[in-house]
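# Commentary on secondary and tertiary structure
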Amino acid sequence: MTNANNVELTSVILVGGGRMGQLIAQKLDADGGFAAEGIYDVTNADELDGRAPVVDLVIDFSNKDALPHVLAYVERTGAALVSGTTGFSDEGLSELRALGEKTRVIHSANYSLGIAALKRAAAQAALALGEWDCEIVETHHNQKADAPSGTAILLLDAVDPDHACEVAYGREGFVGARPARQIGMHSLRGGTEAGTHEVHFFGADEEVCLTHRATSRQIFVNGAVAAAKRLLEREENGFYTFEQLMFE
């Protein structure tokens with residue numbers, strides 16, 4: 001497909017009719033290199049099973065319940081897939097990874113370059129600070145459905161890649177002294193907060209806090225579209241991370 005200037009366009013299907021889907025559609029239109037062929041959400045995602053047009057790229061920021069239809073579409077068409085949906089089960093994530101054997105796939109819970117840098121910094125801090133206590137705090141708007149956020153889980157994986165620590169999802173009652181090798185995970189919800197993530201390290205008489213604040217969802221939109229371009233440049237099938245595409 002080409003535009004009026006005979007420039008080749010990438011055909012795209014968007015899955016996710018919410019605010020993120022709208023912002024991504026606007027970004028793709030403004031970019032000029034994409035042609036949107038349809039927008040689907042969880043209410044009509046079953047159309048992806050057979051009736052949706054064949055395109056080059058699928059961008060999915062919908063609901064985890066739409067995953068079977070997204071997988072079926074990509075299996076059928078071989079389209080590249082950019083997934084930003086959160087709340088998947090381990091089985092769902094495994095299915096996404098397996099899809100990388102047949103096409104180009106990226107999944108990330110957060111498409112912010114700042115968050116990608118925070119993950120790297122948190123991983124280095126966890127190594128350097130050894131036995132210090134670690135707590136992760138995430139804050140989001142009052143309409144967010146899942147907790148903890150997918151980004152908070154990414155940060156947890158960064159500071160505890162071997163999953164050797166117990167995770168305390170909030171604390172209540174007479175819990176006693178904080179045990180060693182425990183990571184606290186706390187979710188705050190309110191207002192229109194776009195997203196704040198903090199990784200706290202507590203030592204004797206000192207604290208290190210690494211923080212990322214999002215002031216709008218546009219940063220995730222920009223990152224997702226940038227990742228889509230990088231993904232399309234890859235010649236080999238595979239399951240890619242955001243960091244791989246943007247930093248390597």
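The coordinates are above.
First, a word on what this report is: a plain description of the structure on this page. (Residues numbered from 1 in each chain as written. Predicted model: local features only at pLDDT ≥ 70, side-chain atom pairs only at ≥ 80, totals over all residues. Heavy atoms only, no water.)

On a plain count of helices and strands, the protein chain comes out with seven helices and eleven strands. In terms of overall dimensions, the protein chain is globule-like: its C-alpha atoms have a radius of gyration of 19 Å, near the 18 Å expected for 248 residues. Burial statistics for the protein chain: of 248 residues in total, 44% are counted as buried. When contacts within the protein chain are restricted to residue pairs at least 6 apart in sequence, long-range pairs at least 24 apart make up 65% of them. Carbon and sulfur atoms make up 48% of the accessible area of the protein chain, which amounts to about 12600 Å² in all. Each charge class in the protein chain was averaged separately, 20 positive and 36 negative side chains, and the resulting centres sit 3 Å apart. (Helix = DSSP H or I, 4+ residues; strand = E, 2+ residues; numbered from the N terminus. Rg over C-alpha atoms; globule rule 2.2 N^0.38 Å. Buried < 20%, exposed > 50% of the residue type's maximum accessible area, 1.4 Å probe, protein only. Contact = heavy atoms within 4.5 Å. Areas by Shrake-Rupley, 256 points an atom, 1.4 Å probe, with all protein chains shown as cover. Lys, Arg positive; Asp, Glu negative; His and termini not counted. Charge placed at Lys NZ, Arg CZ, Asp CG, Glu CD.)

Packing of helix α2 (residues 67-77) against helix α3 (residues 90-99) leaves a shortest axis separation of 11 Å and a crossing angle of 10°. When the axes of α2 and α3 are compared, the pair comes out roughly parallel. Judged by residue contacts, L67, L71, V74 and E75 of α2 engage G92, E95, L96 and L99 from α3. Here the residues of the contact of α2 with α3 are counted per class, giving five nonpolar, one polar and two charged. (Axes fitted to C-alpha atoms, helices over the stretch in contact; angles between N-to-C directions. Parallel < 35°, antiparallel > 145°, perpendicular 65-115°, else oblique. Nonpolar A, V, L, I, M, F, W, Y, C, P; charged D, E, K, R; others polar.)

This part covers the layout of surface pockets. The gaps of empty space that remain are located by a probe, the size of a water molecule, rolled over the atoms. For the largest pocket, the calculated volume is near 900 Å³. In this structure, the largest pocket is lined by 37 residues; those nearest its centre are M20, F61, S62, T86 and K144. Counting residues per element, the ones that place at least two in the lining of the largest pocket are α1 (19-31), α5 (150-159), β9 (195-203) and β10 (206-214). Looking at the lining of the largest pocket residue by residue, the class counts come to nine nonpolar, 22 polar and six charged. Here the second largest pocket defines a volume of roughly 590 Å³. What lines the second largest pocket is a set of 24 residues, among which L93, H107, I153, L154 and D157 lie closest to the centre. Mapped by element, the contributors of at least two residues to the lining of the second largest pocket are α3, α5, β11 (238-240) and α7 (242-247). Looking at which element gives the most residues to the lining of the second largest pocket, the answer is α5, with four residues. Here the residues of the lining of the second largest pocket are counted per class, giving ten nonpolar, eight polar and six charged. (1 Å grid on protein atoms, 1.4 Å probe; cavity = no way out; pocket = protein on both sides within 12 Å on 5 of 7 lines; lining within 4 Å. Points joined across faces, edges and corners; volume = space filled by probe spheres on them.)

Glycine aside, a negative phi is what most residues show, and trans is what most peptide bonds show. With an omega dihedral of -5°, the bond running from A147 to P148 counts as a cis peptide bond. Locating P148 in the fold gives a position in the loop between β6 (133-140) and α5. Its identity as a non-glycine residue notwithstanding, H163 has a phi of 55°, on the positive side. On the secondary structure map, H163 appears in the loop between α5 and β7 (166-169).

Our focus in this paragraph is the side chain of S108. Positionally, S108 belongs in the loop between β5 (104-107) and α4 (113-128). Excluding residues within four positions of it along the chain, S108 makes contact with S83, G84, L154 and F242.

Attention now goes to α5. Counting buried positions over the ten residues of α5 gives seven, a clear majority of the element. Of all the residues in α5, the buried ones are G150, T151, A152, L155, L156, A158 and V159. Along its buried surface, α5 packs onto α4, β6, β7, β8 (182-189) and β9.

The N-to-C vectors of α1 and helix α6 (residues 218-233) enclose an angle of 55°; their axes lie 9 Å apart at closest approach. By the angle class used here, α1 and α6 are oblique. Of the two possible hands of crossing, α1 and α6 adopt the one that is right-handed. Of the residues in α6, those touching α1 at M20, L23, I24, K27, L28 and D31 are Q218, F220, V221, N222, V225 and K229. Its residues assigned to classes, the contact of α1 with α6 comprises seven nonpolar, two polar and three charged. (Left-handed = near helix turned anticlockwise from the far one by under 90°.)

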